[in-house]
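So the chains spell out like this:
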Amino acid sequence: MSEPRWFRVLRVVGLTGLALFVLVPLYVMVTSAVKPLSRVQDRFEWLPGEITFQPFVDMWSTVPLATYFRNSVVVSLGAAVLSVAIAVFAAYAISRYRFRGRDTFRIVVLSTQMFPGILFLLPLYLIYATIGQVTGIALHGSQIGLIITYLTFSLPFSTWMLVGYFDSIPRDLDEAALIDGASPVGALLRVVLPAARPGIAAVGIYSFMTAWGETLFASIMTDSGSRTLAVGLREYSTQSSVYWNEVMAASLVVSVPVVVGFLFLQRYLAQGLTAGAVK
């Protein structure tokens with residue numbers, strides 16, 4: 001059945017509008033990053049009258065961007081690795097075993113995503129402060145504390161998503177591995193995980209991106225030594241001026257890891273998110 005003409009026109013108009021909505025801000029960001037500050041603060045120019053790459057050099061010295069970049073990489077990778085590791089075992093147990101409270105546990109895990117993140121800000125802050133006073137372990141203002149914080153957001157959804165993916169993998173694979181003498185953990189590691197690579201990649205990408213761009217908890221739970229990029233970019237704004245060209249240059253640079261990783265793993269992300277939808 002051929003598409004009606006009005007539908008094709010509507011589709012072209014809609015896709016064109018969506019492309020402009022995405023590309024115009026990106027174009028403004030790129031052109032502002034290669035302008036002198038005086039040009040950026042002046043009347044907006046669609047075509048830069050003067051091009052300079054000095055903002056890409058100055059942005060590293062105006063604020064300790066390299067430190068913030070390192071903190072973001074450590075925290076995001078740590079949250080992604082731990083989220084995947086814990087979610088794999090939790091999701092496998094829920095998918096393959098029947099135990100009392102199984103359905104209730106699944107509902108509770110998913111229901112945690114219904115609450116806004118700011119609801120957990122004060123309790124987590126008080127818990128970290130209490131742990132620091134009682135044990136001397138400084139979770140507030142540390143990378144480990146921030147990783148644990150991000151696990152509270154990514155782990156429930158990661159577990160729920162992997163449960164759906166494991167449900168789509170035939171149980172015959174597990175049974176065959178067990179008959180061959182493998183333990184349940186061995187069957188998981190040697191048979192199920194290789195078949196679940198798309199789902200694991202989707203969980204890893206989701207956890208990494210959640211931690212990479214988060215600002216609310218990072219602004220409260222970090223100090224000058226553990227600050228991440230999402231918060232550190234605000235330091236380009238001072239009481240007297242805002243270094244708009246350096247902000248745009250830094251934003252382009254810090255977005256590269258996420259964009260490259262997403263483009264490289266996007267096919268796994270699509271497979272992982274749609275797993276279990278159709279059987």
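Our subject is the structure listed above.
Rules used in this analysis
- Residues numbered from 1 in each chain as written.
- Predicted model: local features only at pLDDT ≥ 70, side-chain atom pairs only at ≥ 80, totals over all residues.
- Heavy atoms only, no water.
- Helix = DSSP H or I, 4+ residues; strand = E, 2+ residues; numbered from the N terminus.
- Buried < 20%, exposed > 50% of the residue type's maximum accessible area, 1.4 Å probe, protein only.
- Contact = heavy atoms within 4.5 Å.
- Areas by Shrake-Rupley, 256 points an atom, 1.4 Å probe, with all protein chains shown as cover.
- Lys, Arg positive; Asp, Glu negative; His and termini not counted.
- Charge placed at Lys NZ, Arg CZ, Asp CG, Glu CD.
- Phe/Tyr/Trp six-rings, centres within 6.5 Å; stacked < 30°, edge-to-face > 60°.
- Salt bridge = Lys/Arg side-chain N within 4 Å of Asp/Glu carboxyl O.
- Core = buried A, V, L, I, M, F, W, Y, C linked by side-chain atoms within 4.5 Å.
- 1 Å grid on protein atoms, 1.4 Å probe; cavity = no way out; pocket = protein on both sides within 12 Å on 5 of 7 lines; lining within 4 Å.
- Points joined across faces, edges and corners; volume = space filled by probe spheres on them.
- Nonpolar A, V, L, I, M, F, W, Y, C, P; charged D, E, K, R; others polar.
- Axes fitted to C-alpha atoms, helices over the stretch in contact; angles between N-to-C directions.
- Parallel < 35°, antiparallel > 145°, perpendicular 65-115°, else oblique.
- Left-handed = near helix turned anticlockwise from the far one by under 90°.

**What about the overall build of the protein?**
Step number 1: Of regular secondary structure, the protein possesses 13 helices and zero strands.
Step number 2: The order of α-helices and β-strands along the protein, N terminus first, is α-α-α-α-α-α-α-α-α-α-α-α-α.
Step number 3: Across its three principal axes, the protein shows a C-alpha extent of roughly 70 × 70 × 35 Å.
Step number 4: Taken across its 279 residues, the protein has 36% of its residues classed as buried.
Step number 5: Across the protein, the fraction of contacts at a sequence separation of at least 24, relative to all contacts at a separation of at least 6, is 75%.
Step number 6: Roughly 16300 Å² of accessible area belongs to the protein as shown, and the carbon and sulfur atoms make up 69% of that amount.
Step number 7: Here the protein contributes 19 positively and 15 negatively charged side chains, and the mean placements of these two sets differ by 7 Å.

**Comments concerning the packing of aromatic side chains**
Step number 1: On inspection of all chains with the given rule, the structure shows eleven aromatic pairs.
Step number 2: Here the aromatic rings of F44 and W46 are separated by 4.9 Å at their centres, their planes lie at 85°, and the arrangement is edge-to-face.
Step number 3: The class of F44 is partly exposed, set by a relative accessible area of 37%.
Step number 4: With 6.3 Å between their ring centres and 40° between their planes, F53 and F56 make a pair best called tilted.
Step number 5: Judged by its relative accessible area of 57%, F53 is exposed.
Step number 6: On the accessibility criterion, F56 (23% relative accessible area) is partly exposed.
Step number 7: Among the aromatic side chains, those forming a connected cluster through ring pairs are Y27, F44 and W46.

**A closer look at the pattern of salt bridges**
Step number 1: According to the stated counting rule, one finds three salt bridges in the structure shown.
Step number 2: A salt bridge links E45 to R39, with the shortest nitrogen-to-oxygen separation between them at 3.0 Å.
Step number 3: Judged by relative accessible area, E45 falls into the partly exposed class, the value being 22%.
Step number 4: Note that R227 is salt-bridged to E235, the shortest N-O span being 2.6 Å.

**Section: the nonpolar core**
A general feature of soluble globular proteins is that nonpolar side chains tend to end up buried together.
Step number 1: Counting 21 residues, the largest nonpolar core has V88, Y92, L162, F166, I169, L188 and V192 as its most contacted members.
Step number 2: Every element with two or more residues in this core is listed here: α4 (65-96), α7 (143-167), α9 (184-195) and α10 (197-212).
Step number 3: Residues in contact with F166, not counting those within four places in the same chain, are V88, A91, Y92, S95, R96, L188, V192, L193 and A196.
Step number 4: The next biggest cluster of nonpolar side chains, apart from the first, holds 18 residues, and it includes V63, A80, F208 and M248.

**Quick word on empty space enclosed by the protein**
By rolling a water-sized probe across the atoms, one finds the places where empty space is left.
Step number 1: Scanning all chains against the criterion turns up one cavity of 30 Å³ or more.
Step number 2: Volume-wise, the largest cavity comes out at about 40 Å³.
Step number 3: Within the residue set of the lining of the largest cavity, elements represented by two or more residues are α5 (102-111) and α7.
Step number 4: In terms of residue count, α7 provides more of the lining of the largest cavity than any other element does, three residues in total.
Step number 5: Across the lining of the largest cavity, the residue classes tally to four nonpolar, one polar and one charged.

**Things to note about the packing of α7 against α10**
Step number 1: Where α7 meets α10, the closest approach of the two axes is 10 Å, and the angle between their N-to-C directions is 160°. Judged by the angle between their axes, α7 and α10 are roughly antiparallel. Crossing angle aside, the handedness with which α7 passes α10 is right-handed. Between α7 and α10, the residues in contact are Y150, F153, S154, F157, S158, M161, L162 and Y165 and P198, G199, I200, A202, V203, Y206, S207 and A211, respectively.

**Notes on the environment of V258**
Step number 1: Inspection of the secondary structure puts V258 in helix α13 (residues 244-274).
Step number 2: The class for V258 is buried, based on a relative accessible area of 15%.
Step number 3: Placed 160 residues apart in sequence, V258 and R98 show a C-alpha to C-alpha distance of 38 Å.
Step number 4: Excluding anything up to four places from it in sequence, V258 contacts F208, M209 and W212.

Function cannot be read off these values alone, since they describe shape.
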